[in-house]
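The residues making up each chain are set out below.
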Amino acid sequence: MDIQNAKKEDAKYLAFLINLAGEGIPHYLWSGMTRSGETPSDIGIQRAGREDGGFSYTNARVVKEGADVVGMLLSYRLDDPYIIDNLDDIPEVVRPLVVLESKAPGTWYVNAVATLASHRGQGIATGLLKDAEAKAIVHGVTRMSLIVASENQLARGLYSGLGYETRETLPVVDYPGCLHGGSWELMVKELSAA
């Protein structure tokens, strides 16, 4: 499997896949950012094409089939300390996610991992997660973290099988198009350089 750094021209794929991984929350948030003539997807593509910010192609690793991205993982080191200035400034739907992130300061955070439905079951997500773990070790980080919906049994099974353990939970805030209820789970994995 050829895992490579995402490029700016991959932004349209990254926007689609981040929305898939984010269970529709990105599309919901982008809907509130559109201006005349723009679609939520346009906003996602613009954000993915930025040079900085958590959701930037510079933080993404991808697997391609030809020129098409079929899987991606977005990851980076969380701030330590992780300071939340004012929760009221954060959209209600993502507040639990931000609070859970703050419980894992300094970890290598997997913001999103997604594979096109047509390419699932081929080990792409597992390969991308192992690649992110290797990247974390290179950067001197000894713990991984990610957040998953408790009702997303397929993803939870993958993460558990790779050694991630649930550390904290907070209820999912319902939003239009919400795929899973239940709670968000912060899962953490201890890494070893061996």
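Structure: see above.
Definitions and limits used
Residues numbered from 1 in each chain as written. Predicted model: local features only at pLDDT ≥ 70, side-chain atom pairs only at ≥ 80, totals over all residues. Heavy atoms only, no water. Buried < 20%, exposed > 50% of the residue type's maximum accessible area, 1.4 Å probe, protein only. Helix = DSSP H or I, 4+ residues; strand = E, 2+ residues; numbered from the N terminus. Arc of directions from axis to C-beta. Contact = heavy atoms within 4.5 Å. Pairing = 2+ DSSP bridges. Right-handed = clockwise from strand over helix to strand, strands pointing away.

S.K.: How should helix H3 (residues 40-48) be read in this particular structure?
M.R.: Since there are 3.6 residues in each turn of an α-helix, residues three or four apart along the chain are aligned in direction. Within the span of H3, buried status applies to Pro40, Ile43, Gly44 and Ala48. Buried residues in H3, looked at end-on, bunch into an arc of 130 degrees, giving them a common side. Each element contacted by the buried residues of H3 is listed here: helix H1 (11-21) and helix H2 (25-31).

S.K.: Explanation requested: unusual backbone geometry in the structure shown.
M.R.: Excluding glycine, most residues fall at negative phi; most peptide bonds, likewise, are trans. Each neighbour pair has its own omega, and for Asp80 with Pro81 the value is 5 degrees, a cis peptide bond. Position of Pro81 relative to the elements: it lies in the loop between strand E3 (68-77) and helix H4 (95-102). The backbone phi angle of Glu23 is positive, close to 55 degrees, even though this residue is not glycine. Within the secondary structure layout, Glu23 lies in the loop between H1 and H2.

S.K.: Sorry, what's going on with the pairing of strand E4 (residues 108-115) here?
M.R.: It is a general feature of regular strands that their side chains alternate between the two faces of the sheet. Burial within E4 is extensive, with seven of its eight residues counted as buried. Inspection of the sheet shows E3 paired to E4 by seven bridges, in the antiparallel sense. In the strand pairing of E4, Ser75 is matched with Val110. Of the strand pairs in this sheet, E4 and strand E5 (residues 143-149) are connected by three bridges, and their pairing is parallel. By the bridge assignment, Tyr109 is partnered in E5 with Ser145. In terms of handedness, the path from E4 via helix H5 (residues 124-138) over to E5 forms a crossover that is right-handed.

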